[in-house]
Amino acid sequence: MARIVMKFGGTSMAGIERIRNVAARVKREVEAGNQVAVVVSAMAGETDRLVGFCREASSLYDPREYDVVVSAGEQITSGLLAITLQAMGVPARSWLGWQLPIHTDSAFAKARIGTIDTNALDRSLDAGEVAVIPGFQGVAEDNRVTTLGRGGSDTSAVAVAAAMKAERCDIYTDVDGVYTTDPRIVPRARKLSKVTYEEMLELASVGAKVLQTRSVGLAMKEQVRVRVLSSFDDARDEDGHRGTLIVGEEEIDDMERQLITGIAHDKNEAKITLVAVPDRPGSVGAIFAPLADAGINVDMIVQNIAHATAGNAASTDVTFTVPAADLPRSLDVLDKARGDIGFEKLVHDTRVAKISVVGVGMRSHAGVASTMFQTLGARGINILAITTSEIKVSVLIEEDYTELAVRVLHTAYGLDAEAA
């Protein structure tokens, strides 16, 4: 008898008919002899509605009360799914985050899971019940309700799977797996049967919307096997697999491994350039320290060669990117630190996009970056900034070229599926 966690997102839970579809899938797993815990999101659009109420009530709302409000969506869907399963003859009960309990820190609206007490959960599963758990929520040390940040139900599911030592965590969504790139941009994108934790973590961090980045990091840390599959489509690939498995590198055969696994894009970037920053020790630290203190994540960084004009000390331009949502706050922080930094002018641009190629094959093959740069250059696409890791190369380009860049790179790396 295997233990399995099944997680269903907002589109899967959007209305009673879809909840019945979810219940039918859960029932099949139970009838196959598995012990099942289900983690659910709020109905599609419900969390946004609740967030809107909080903002309407007060622009300076208490984050502790905000968590009480926005966690209500998952409480509703967990109860409805338990009722639906019972109506189908499947023993089930819902468990709120504080009832298990799922212990978190006190960073309200963006809490992190510490531990999960599975004693009550184990008894429920051993009694033959399906445990229905609201994602996204937990409880702080002072017994206040907390939430894990948007997309946090993925993290809830992986954490529950790790705590109950599940064989697998199945993430059901509105796509049928992880593709080599967004199939809406490249119709010949291929669905991948397996992806390593590292590759999925990089893809999620650079714009792939399939899984929340934190959930992948937790899965890698706890070695939880994750499968991404569709709530609406039971189609299997030519090898009989459904969805995409996210596993350790040791589970992927050398024959299955390719140089580049996928290409991601992210338009939610903003470019900031500080013009004429004094070229002296500590200048760069004066830029990024206040941004870090404000909790703003900086991604790509480019510093130009210092130059001096007659009668003036040497200066340089520093360019970097931040999430587009953090641009107003970043500009405010930098303006307040202008005296310490000493820059002459601040320029920003939101009409940019980050394009990334990801693959563990980069570790043992040269020329990946060269292929990327030459391919973009041949199409007249200018590169504004570059950043790399062991298995990723990312470039910043003008937003208007996003889809062209993704298509030509997908072809250049041999990722296109064969025509049917």
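Please refer to the structure higher up on the page.
Residues numbered from 1 in each chain as written. Predicted model: local features only at pLDDT ≥ 70, side-chain atom pairs only at ≥ 80, totals over all residues. Heavy atoms only, no water.

**Examining the pairing of strand 13 (residues 262–278)**
Here comes step 1: With respect to burial, strand 13 is a largely interior element, 14 of its 17 residues being buried.
Here comes step 2: With 11 bridges connecting them, strand 13 and strand 16 (residues 345–358) associate as antiparallel partners. Each bridged residue has a counterpart across the sheet, and for Thr 273 the counterpart in strand 16 is Val 347. (Buried < 20%, exposed > 50% of the residue type's maximum accessible area, 1.4 Å probe, protein only. Helix = DSSP H or I, 4+ residues; strand = E, 2+ residues; numbered from the N terminus. Pairing = 2+ DSSP bridges.)

**Things to note about unusual backbone geometry**
Here comes step 1: The step from Leu 100 to Pro 101 runs through a cis peptide bond, and the omega angle for that step is -5°.
Here comes step 2: The topology assignment puts Pro 101 in the loop between strand 3 (92–94) and strand 4 (102–104).
Here comes step 3: Here the phi dihedral of Ala 109 falls at roughly 75°; this positive angle occurs in a residue that is not glycine.
Here comes step 4: We note that Lys 165 has phi near 55°; this positive angle belongs to a residue other than glycine.
Here comes step 5: By the element assignment, Lys 165 lies in the loop between helix 6 (152–163) and strand 9 (168–173).

**Points about the packing of aromatic side chains**
Here comes step 1: Within the structure shown, the criterion is met by 3 aromatic pairs.
Here comes step 2: Taking 4.6 Å as the distance between ring centres and 15° as the angle between the ring planes, the aromatic pair formed by Phe 8 and Tyr 172 counts as stacked. With Phe 8 in strand 1 (residues 3–8) and Tyr 172 in strand 9, this residue pair connects regions lying 164 residues apart in the sequence. Like Phe 8, the residue Tyr 172 is buried in the burial classification.
Here comes step 3: One Lys or Arg, Arg 93, reaches over the ring of Trp 95 and ends 3.5 Å from the middle of that ring. (Phe/Tyr/Trp six-rings, centres within 6.5 Å; stacked < 30°, edge-to-face > 60°. Lys NZ or Arg CZ within 6 Å of the ring centre and 35° of its normal.)

**Here's the deal with the nonpolar core**
One broad rule of soluble globular proteins: the nonpolar side chains tend to lie buried together.
Here comes step 1: Judged by nonpolar contacts, the single largest core of 37 residues is most densely connected at Val 5, Ile 133, Cys 169 and Val 226.
Here comes step 2: Listing elements by their share of this core, those giving two or more residues are strand 2 (35–40), helix 5 (119–126), strand 6 (130–134), helix 6, strand 9, helix 7 (197–205), helix 8 (213–222) and strand 11 (226–230).
Here comes step 3: At 5 residues, the largest contribution of residues to this core is made by helix 6.
Here comes step 4: Among all residues touching Val 5, those that are not within four sequence positions of it are Ala 37, Val 39, Ala 157, Val 160, Ala 161, Met 164, Ala 166, Arg 168, Cys 169 and Asp 170. (Core = buried A, V, L, I, M, F, W, Y, C linked by side-chain atoms within 4.5 Å. Contact = heavy atoms within 4.5 Å.)

**Re the pairing of strand 17 (residues 385–389)**
Here comes step 1: In the sheet, strand 17 pairs with strand 18 (residues 392–398) via 5 bridges, with the strands oriented antiparallel. Considered in strand 18, the bridge of Thr 387 is made with Ser 394.
Here comes step 2: Between strand 17 and strand 18, which pair antiparallel one after the other, the connecting turn spans 2 residues.

**Examining the environment of Ile 185**
Here comes step 1: Within the secondary structure, Ile 185 sits in the loop between strand 9 and strand 10 (194–196).
Here comes step 2: Once residues within four sequence positions are removed from consideration, Ile 185 is found in contact with His 265, Glu 403, Val 406 and Arg 407.

**Brief notes about the packing of helix 6 against helix 8**
Here comes step 1: Across the interface, helix 6 lies against helix 8 with an axial gap of 8 Å and an inter-helix angle of 15°. By the angle class used here, helix 6 and helix 8 are roughly parallel. As for how helix 6 packs across helix 8, the hand of that crossing is left-handed. Where helix 6 approaches helix 8, its residues Asp 154, Thr 155, Val 158, Ala 159 and Ala 162 are matched on the opposing element by Arg 214, Ser 215, Leu 218, Ala 219 and Glu 222. (Axes fitted to C-alpha atoms, helices over the stretch in contact; angles between N-to-C directions. Parallel < 35°, antiparallel > 145°, perpendicular 65-115°, else oblique. Left-handed = near helix turned anticlockwise from the far one by under 90°.)

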